[in-house]
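Each chain is listed here by its residues.
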Amino acid sequence: MSVSKPIRLALLGCGTVGSEVVRLLHRQAEDLTARIGAPLEVAGIAVRRLGRERGDLPIDPGLFTTDALGLVKRDDVDVVIEVVGGIEPARTWLVEALRAGKSVVTANKALLAEDGAALHDAAAEGGADLYYEASVAGAIPLLRPLRESLHGDRVTRVTGIVNGTTNFILSSMDATGAGFSEALDEAGELGYAEADPTADVEGFDAAAKAAILASLAFHSRVTAADVFREGMTGVTAGDMASAKEMGCTIKLLCIAERGPDESGQESVSVRVHPAMIPRSHPLAGVGDAFNAVFIEADAAGQLMFYGRGAGGMPTASAVLGDIVAAARNRLAGTRAPSESNYAQLPIRPIGAAMTRYHISLDVAERPGVLAAVAGVFAQHEVSIATVRQSGRAEDAKLVIVTHGAPDANLAATVEDLGRLDIVRSIASVLRVEGGA
Ligand SMILES: NC(=O)c1ccc[n+]([C@@H]2O[C@H](COP(=O)([O-])OP(=O)(O)OC[C@H]3O[C@@H](n4cnc5c(N)ncnc54)[C@H](O)[C@@H]3O)[C@@H](O)[C@H]2O)c1
Ligand SMILES: N[C@@H](CCO)C(=O)O
Ligand code: NA
């Protein structure tokens, strides 16, 4: 076997993911050399603070530096791996690297969703590789299939669970009735949560991933700002109990679809929100911090991707795969496929998305209540699928599940229901997916 000179790596960040990248590089060194045809060599590791105890890492401590930009600019660096996160200074480092023709591997979904254009443009300018498999659904090979394998097909819908932390919390709430904050603390300890877990529970992380998936699936630039986002902090134990009564559970879903809008114009709708799904739905069985993504395409039909979407080691697996790809390309003098954004489809607002609602109302129990409530649905052209009444007098409750309707009509229905004097309170409103 002939082995070329080493491919030199700059690692930016040595936290949950970064430290596992170091361990994997060490553990797999021989196999990686054989697979690539050249050894991988760490040129430096940028950290926020020197002197932190990192004795357990199999790496020369002299490689640590606090000067990330200086490391990126070094002539002896071929591949820059960014596992710090956030918009700045990560964007400055990566644009600098790409413009200089260095390959970039990043797990930074926040940056890709906020300003992926800056990175893709810099990659095109520098003729450099930009890989980001770890940014969506951790270890699951998902972006490469979208970026390469499915390029001969027409993808119409991507649906999935793409945030491990919130899936861990919702699965715990469903299985054991665990409290929200208790489950969130555990997700943090297991290395699933973002540095600021608000990004997870408020749906920002899933929305960033939805934007990346939609961009790749529909050959259009979709940013985080284009994604309708609703987090899961409002999901209560009562909602979960209500879902269980109906043979359902609640998941935080990401849904990206393409299709004609009201005027027939092909457009894209991307949303992230909690939804009730039947227990028979394949996504209902996705527990713990696992992720799962369905892709529907004209010729391929339905594809499902499942695996560990969060955690240091699974994420490092995706980072390593990208490093190998970038290193091979450098040796072969070639590049990965660049961004494909020719379609430039307009974004359809949430109001135009067809959704279904599960609405739970506390009502006064007297004659005419059902007729008054049904009247509001009819007024907004929303068809009711099922109605259940429980309790009596002060405890009377109506649970209504609708058929599909434009989300704007459903939202207006809820608003008008709140104005009825026989409705004492709207106990919960959840979207429903998958035929519940
Ligand atoms: N943890 C996961 O499961 C997971 C999965 C997929 C993607 N990601 C993404 O990977 C990236 C890293 O996530 P993480 O979980 O390892 O986070 P982390 O907070 O554990 O690690 C980030 C590290 O970057 C360091 N850092 C901050 N500013 C720096 C600077 N200026 N220079 C050098 N180092 C600096 C921090 O000290 C920290 O050690 C993020 O973009 C995250 O969204 C994480
Ligand atoms: N915080 C993210 C990490 C993986 O991207 C999650 O929980 O899914
Ligand atoms: Na992935």
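Procedures and definitions
Residues numbered from 1 in each chain as written. Chains lettered and ligands numbered in written order. Predicted model: local features only at pLDDT ≥ 70, side-chain atom pairs only at ≥ 80, totals over all residues. Heavy atoms only, no water. Helix = DSSP H or I, 4+ residues; strand = E, 2+ residues; numbered from the N terminus. Rg over C-alpha atoms; globule rule 2.2 N^0.38 Å. Buried < 20%, exposed > 50% of the residue type's maximum accessible area, 1.4 Å probe, protein only. Contact = heavy atoms within 4.5 Å. Areas by Shrake-Rupley, 256 points an atom, 1.4 Å probe, with all protein chains shown as cover. UniProt positions renumbered as here; feature names shortened; annotations may be inferred. Near = heavy atom within 4 Å. Polar contact = N/O pair within 3.5 Å; in protein donor to acceptor, adjacent residues only side chain to side chain. Phe/Tyr/Trp six-rings, centres within 6.5 Å; stacked < 30°, edge-to-face > 60°. Nonpolar A, V, L, I, M, F, W, Y, C, P; charged D, E, K, R; others polar. Donors = N, O, S within 2.8 Å, 3.2 Å for Na, K, Ca; no water. Core = buried A, V, L, I, M, F, W, Y, C linked by side-chain atoms within 4.5 Å. Pairing = 2+ DSSP bridges. Expected span 1.5 Å × (residues − 1). Disulfide = S-S within 2.5 Å.

Visitor: Hey, could you run me through the overall build of the protein chain in this one?
Guide: When you go through the protein chain residue by residue, the secondary structure sums to 14 helices and 17 strands. For the protein chain, whose C-alpha radius of gyration is 24 Å, the value lies close to the compact-globule estimate of 22 Å for 436 residues. Along the first, second and third principal axes, the C-alpha set of the protein chain runs to 85 × 50 × 35 Å. Scored against the burial criterion, the 436 residues of the protein chain give a buried share of 53%. In the protein chain, of all internal contacts separated by at least 6 residues, the share reaching a separation of at least 24 is 74%. Surface summary for the protein chain: the accessible area is close to 18100 Å², and the carbon and sulfur share equals 50%.

Visitor: Could you clarify how one ought to interpret the UniProt feature "domain: ACT" (unreviewed entry) in the protein chain in this entry?
Guide: Those places that UniProt annotates as "domain: ACT" (unreviewed entry) correspond, in this numbering, to residues 358-431. End C-alpha atoms of residues 358-431 are separated by 6 Å, and the span's content is 32% helix alongside 41% strand.

Visitor: Looking at this model, I keep getting lost on the site of ligand 2. Mind explaining?
Guide: Neighbouring ligand 2 are the residues K109, N163, G164, T165, Y192, A193, E194, D200, D205, K209, G309 and A310. Within the side chain of K109, one N or O atom sits 2.5 Å away from an oxygen atom of ligand 2. A distance of 2.6 Å separates a nitrogen atom of ligand 2 from a polar backbone atom of Y192. Protein chains shield 94% of the accessible area of ligand 2, which is 260 Å² for the free molecule.

Visitor: How should I be thinking about the packing of aromatic side chains in this particular structure?
Guide: The geometry of two aromatic rings is summed up by the distance between their centres and the angle between their planes. Taken as a whole and assessed by the stated rule, the structure comprises two aromatic pairs. Centroid distance F290 to Y306: 5.2 Å. Interplanar angle 5°. Geometry classified as stacked. Here F290 is found in strand 11 (residues 290-297), whereas its partner Y306 is found in strand 12 (residues 301-308), with 16 residues between them in sequence. The exposure class assigned to F290 is buried, which follows from its relative accessible area of 18%.

Visitor: Whenever I open this one, the site of ligand 1 confuses me. Can you help?
Guide: Residues in close proximity to ligand 1 total 21 residues, the closest being T16, V17, K109, E194 and G311. Measuring from an oxygen atom of ligand 1, one finds a side-chain N or O atom of K109 at 3.2 Å. Between G311 and ligand 1, the recorded distance is 2.7 Å, taken from a backbone N or O atom to an oxygen atom. A class-by-class count of the residues in the shell around ligand 1 yields 10 nonpolar, eight polar and three charged.

Visitor: It is not clear to me how the coordination of the sodium ion (ligand 3) should be interpreted in this structure. Could you clarify?
Guide: Octahedral metal centres with six donors ideally show angles of 90 or 180 degrees, and tetrahedral centres with four donors ideally show 109.5 degrees. With distances of 2.5 to 2.7 Å, the protein atoms coordinating the sodium ion (ligand 3) are E133 (O), E133 (OE), V136 (O), G138 (O) and I140 (O). When the donors of the sodium ion (ligand 3) are listed by position in the chain, the intervening gaps give E-x2-V-x1-G-x1-I. Assessed through its relative accessible area of 3%, I140 is described here as buried.

Visitor: I'm lost on the side chain of S220 in this one. Help?
Guide: If you trace the backbone, S220 turns up in the loop between helix 10 (204-218) and strand 8 (228-229). For S220, a relative accessible area of 2% corresponds to the buried category. A polar atom in the side chain of S220 sits 2.8 Å from the backbone nitrogen of L345. Discounting residues that sit within four places of it in the chain, S220 has contacts with A214, S215, S340, N341, A343, Q344 and L345.

Visitor: Just checking my understanding: could you explain the nonpolar core for this structure?
Guide: In summary, soluble globular proteins display a tendency toward joint burial of nonpolar side chains. Within the largest apolar cluster, 75 residues are counted, with the highest numbers of intra-cluster contacts made by V80, L142, V155, L213 and I295. With 11 residues, helix 10 is the largest single contributor of residues to this core. Residues in contact with I295, not counting those within four places in the same chain, are L142, L146, L150, V155, R157, V158, G301, Q302, L303 and F305. C14, L25, I36 and V105 belong to the second largest nonpolar core, which has 34 residues in total.

Visitor: Explain unusual backbone geometry to me, please; I cannot follow it from the model alone.
Guide: Across residues other than glycine, the phi torsion is negative in most instances, and most of the peptide bonds are trans. Here the bond from E88 into P89 is cis, since omega is 5°, no more than 30 degrees from zero. Within the fold, P89 resides in the loop between strand 4 (79-82) and helix 4 (90-99). Located in the positive-phi region is E381, a residue other than glycine, with phi close to 55°. Among the secondary structure elements, E381 is positioned in the loop between helix 13 (369-379) and strand 14 (384-390). By relative accessible area, which is 69% here, E381 ends up exposed.

Visitor: For this particular structure, what's the right way to read the sheet that holds strand 6 (residues 130-131)?
Guide: Strands in a sheet are paired, the pairing made by backbone hydrogen bonds, and the direction either parallel or antiparallel. Spatial ordering of the open sheet is given by 3-2-1-4-5-6, a layout of six strands whose pairing is parallel. With one partner strand each, in any of the chains shown, strand 3 (64-65) and strand 6 form the two edges of the open sheet. Bridge count between strand 1 (residues 7-12) and strand 2 (residues 40-46): six bridges; the pairing is parallel. Looking at the pairing, I7 lines up with L40 of strand 2.

Visitor: Any chance you could explain helix 7 (residues 164-176) here in plain terms?
Guide: In this model, helix 7 (13 residues) spans 18 Å end to end at C-alpha, consistent with the 18 Å of a helix rising 1.5 Å per residue. The complete set of buried residues in helix 7 reads G164, T165, T166, N167, F168, I169, L170, S171, S172, M173 and D174. Contacts from the buried residues of helix 7 go to strand 7 (155-161), helix 8 (180-189), helix 9 (198-201), helix 11 (237-245), strand 9 (248-260) and strand 11. Capping the start of helix 7 is the job of one residue whose side-chain oxygen sits 3.3 Å from the backbone nitrogen of T165: N163. The positive-phi residue at the C-terminal boundary of helix 7 is G177, with phi of around 75°.

Visitor: Help me out: how do you make sense of helix 14 (residues 407-419) in this one?
Guide: Two residues of an α-helix separated by three or four positions point the same way, owing to the 3.6 residues in each turn. Over its 13 residues, helix 14 extends 19 Å from the first C-alpha to the last, a length consistent with the 18 Å expected when each residue adds 1.5 Å. Buried within helix 14 we find D407, L410, T413, V414, D416 and L417. Each element contacted by the buried residues of helix 14 is listed here: strand 13 (354-363), helix 13, strand 15 (397-402), strand 16 (405-406) and strand 17 (423-432).

Visitor: What is the right way to read the state of the cysteines from this model?
Guide: Two cysteines, two sulfur atoms, one covalent bond between them: this is a disulfide. In the structure shown here, the tally under the stated rule is zero disulfides. Of all cysteine sulfurs in the structure, the one in C254 sits closest to C248, which takes part in no disulfide; the separation is 20 Å.

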